[in-house]
Amino acid sequence: ATLSLSVSQTSGCMLVSGLVRGLFPHNNHVVRSTSLYNRPFVEQFEETPLLVAVLTYVGYGILTIFGYLRDFLRNWGVENCHVARERDEQKDFVPLYQDFENFYTRNLYMRIRDNWNRPICSVPGAKMDLVERTSKDYNWTFEHTGKVVKDVINMGSYNYLGFAENTGRCADNATGSTHKYGVGVGSTRSEMGNLDIHEELEQLVARFLGVESSMAFGMGFATNSMNIPALAGKGCLILSDELNHASLALGARLSGATIRVFKHNNMVSLEKLLRDAIVHGQPRTHRPWKKMLILVEGIYSMEGSIVRLPEVIALKKHYKAYLYLDEAHSIGALGPRGGGVVDYFGLDPKDVDIMMGTFTKSFGAAGGYIGGKRELIDYLRSHSHSSIYATAMSPPVSQQIITSMKIIMGEDNTTLGAERLKQLSENTTYFRRKLREMGFIIYGNNDSPVVPMMLYMPAKIGAFGREMLKRNIGTVVVGFPATPIIESRARFCVSAAHTRDMLDTVSHRSETRTHTCTRHA
């Protein structure tokens, strides 16, 4: 059965004629607000069919059995083992390598390893060139053939607005910035690495987000993992969506705060955790929590779903919690102005306490940012490890962000930004509708440029990626442990740079390749 979640019926939430009459049925007095949603909100997820689930488990079971058989042969020297393992003279020491992780790597991952880490020798735009490679030892090592696979349609890069390019205004300005500042800074921002271009970037980001101040970092992953520990610690409670990115999970763990996980995008689950936290307080002492911090993403990159931000904000206001919003995939890709999920829902940026995002997707650059009140940013400048110890952002990268952001905002005196935003929205709607009409099972929100297409069975993961590349289409295939074991998938990322002909080619060849993969499986 397909589970369609819309604004009129959301997991545990009842909206009547646009009026929230008791946001949650078991607590009708919690929130009363008008028009939480200003637009239709539809997401579709289909449960894995029972037969497919059983066959998937059987497939993994067969792979596991053969894996143990091959390990037995390796122990007796019948088969060579190329993976890192303990030396014989260190058998009695504490294990350096975890056995199950190594088992999975050498017996399952190695069979389809050729689908990842493919070397690209061009700009990763709408089309790209790949270096051809081959393996003579079943994917343990690779050799380049010297040939280049030309004009591969790129459906894997997060190039949402098409700014990954080596020509045009962005490239020209980045080149000019390199001539002026050089490539590297060689120092942290707090010492000798604070350039005027960095301050210009942060002022621009704050204006783009509609917040008082912002701060830029050289690495998107570290923006989460190194700043969350500065915002929460012992005696604090972090409420995290179960499908949050690894950088959010790592940051929460490093903080030392207590972590509780709520079901994905499920407001009933989140509210229950908030209520329990207030009623029971900290373990053993039952003292009130020093701080409650909710961690969510704008677009979830494996599911293609969009956070129910209006409901999250309503809950965080009622229960006096703080909200940390990761807009890595949504900034620039959602909203009429490209302002992310806050712009998409028409909300006030001031209702989000910590606005985080990255420059690696829609802006075609690198790094991340945090925006919010001026007091918050001033605090992070002196307490964030990413600020104090990390080298400042490269000047040409900063310039790439500034130029692309001004284009999106229309401050370049052109309509190019608005055109790209419109094109991305149209491409997303068209590609999702096309795949559904062809009978594919597609996850996520109708407006999300991240389009997961379900494959389920482990044999299809490698076969689909290889068959698509044979037809000059580069895509990302994902399986366990990045997804649930019975929900392997191919993930398409739609870009404003894609043409209708490209999307038609991908959808048509996806259909023929899926049939081929089924025969191979």
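Residues numbered from 1 in each chain as written. Predicted model: local features only at pLDDT ≥ 70, side-chain atom pairs only at ≥ 80, totals over all residues. Heavy atoms only, no water.

Student: Residues and numbers for the pattern of salt bridges, please.
Tutor: Inspection of every chain in the model, using the stated rule, returns 24 salt bridges. With a closest N to O distance of 2.9 Å, Glu 202 and Arg 189 form a salt bridge. You can see Glu 202 sitting in helix α4 (residues 196-209) and its partner Arg 189 sitting in the loop between α3 (169-181) and α4, a full 13 residues away along the chain. Assessed through its relative accessible area of 6%, Glu 202 is described here as buried. Under the relative-accessibility criterion, Arg 189 is labelled buried at 17%. In this structure, the salt-bridge partner of Glu 467 is Arg 471, at a minimum N-O distance of 2.8 Å. Judged by relative accessible area, which is 6%, Glu 467 ranks as buried. (Salt bridge = Lys/Arg side-chain N within 4 Å of Asp/Glu carboxyl O. Helix = DSSP H or I, 4+ residues; strand = E, 2+ residues; numbered from the N terminus. Buried < 20%, exposed > 50% of the residue type's maximum accessible area, 1.4 Å probe, protein only.)

Student: Account for the sheet that holds strand β12 (residues 322-326), with residues named and values stated.
Tutor: Spatially, β8-β14-β13-β12-β11-β9-β10 is the arrangement adopted by the 7 strands of the open sheet, whose pairing is mixed. Only two strands of the sheet have a single neighbouring strand rather than two, namely β8 (213-217) and β10 (258-262). With strand direction ignored, the average angle separating the axes of adjacent strands in the sheet is 20 degrees. As paired strands, β12 and strand β13 (residues 354-358) are joined by 3 bridges and run parallel to one another. If you follow Leu 325 over to β13, its bridge partner there is Met 355. Helix-sheet contacts for α4 involve β8, β13 and β14 (368-372), and the interaxial angle to β8 is about 125 degrees. Taken strand by strand, helix α9 (residues 309-318) contacts β11 (291-297) and β12, and its axis lies near 155 degrees from that of β12. (Pairing = 2+ DSSP bridges. Axes fitted to C-alpha atoms, helices over the stretch in contact; angles between N-to-C directions. Contact = heavy atoms within 4.5 Å.)

Student: For the packing of α3 against helix α13 (residues 395-409), give the residues involved together with the corresponding values.
Tutor: Contact geometry of α3 with α13 gives a least axis separation of 8 Å together with a crossing angle of 145 degrees. At the point where α3 passes α13, the crossing takes the right-handed sense. In this structure, α3 contributes Arg 169, Cys 170, Ala 171, Asn 173, Ala 174, Ser 177, Thr 178 and Tyr 181 to the contact, and α13 contributes Pro 395, Pro 396, Gln 399, Gln 400, Thr 403, Ser 404 and Ile 407. (Left-handed = near helix turned anticlockwise from the far one by under 90°.)

Student: Account for the environment of Tyr 389, with residues named and values stated.
Tutor: Relative to the helices and strands, Tyr 389 is located in the loop between α12 (385-388) and α13. Judged by relative accessible area, which is 61%, Tyr 389 ranks as exposed. Residues Tyr 389 and Thr 188, spaced 201 residues apart in sequence, show a C-alpha to C-alpha distance of 6.4 Å.

Student: With reference to specific residues and values, describe the sheet that holds strand β17 (residues 473-474).
Tutor: Strand pairing within a sheet occurs via backbone hydrogen bonds; the two strands may be parallel or antiparallel. Here 3 strands make up an open sheet; going across it, the order is β6-β7-β17 and the pairing mixed. Both edges of this open sheet fall to β6 (127-134) and β17, since each of them pairs with a single strand only. Examined bridge by bridge, β6 and strand β7 (residues 143-154) share 6 bridges and lie antiparallel to one another. Counterpart to Arg 133 in the pairing with β7 is His 144.

Student: Could you give an account of the UniProt feature "domain: Aminotransferase class I/classII large" (unreviewed entry) in the protein, naming the residues involved and the relevant values?
Tutor: The feature "domain: Aminotransferase class I/classII large" (unreviewed entry), as annotated in UniProt, sits at residues 150-506 in this numbering. Spanning residues 150-506, this segment combines 41% helix with 18% strand, and its end C-alpha atoms are found 16 Å apart. (UniProt positions renumbered as here; feature names shortened; annotations may be inferred.)

Student: Requested: an account of the nonpolar core, with residues and values cited.
Tutor: Counting 91 residues, the largest nonpolar core has Leu 274, Ile 294, Leu 309, Phe 359, Phe 431 and Phe 492 as its most contacted members. Ranked by residues supplied to this core, first place goes to α4 with 7 residues. In this structure, Phe 431 is in contact with Met 155, Val 451, Phe 492, Val 494, Leu 503, Val 506 and Ser 507, ignoring residues within four places of it in sequence. Ranked by size, the runner-up nonpolar core spans 20 residues in total, among them Ile 228, Ala 252, Ile 370 and Ile 377. (Core = buried A, V, L, I, M, F, W, Y, C linked by side-chain atoms within 4.5 Å.)

Student: So what's going on with the pairing of β13? Residues and values would help.
Tutor: Of all 5 residues making up β13, 5 are buried, and the element is well covered by its neighbours. Burial along β13 is two-sided: the residues Ile 354, Met 356 and Thr 358 and Met 355 and Gly 357 are all buried.

Student: Lay out the packing of aromatic side chains in plain terms, naming residues and giving numbers.
Tutor: One pass over the full model with this rule turns up 14 aromatic pairs. Judged by centre distance (6.3 Å) and plane angle (55 degrees), the ring pair of Phe 72 and Trp 76 falls under tilted. Residue classification places Phe 72 among the partly exposed positions, given a relative accessible area of 48%. Exposure remark for Trp 76: the relative accessible area of 67% places this residue in the exposed category. Through successive ring pairs, a cluster of aromatic residues spans Tyr 37, Phe 41, Tyr 344 and Phe 345. The ring of Phe 163 has Arg 420 lying over it, and the distance from NZ or CZ to the ring centre is 4.5 Å. Looking at Arg 500, its charged tip hangs above the ring of Tyr 430, at a distance of 4.1 Å from the centre. (Phe/Tyr/Trp six-rings, centres within 6.5 Å; stacked < 30°, edge-to-face > 60°. Lys NZ or Arg CZ within 6 Å of the ring centre and 35° of its normal.)

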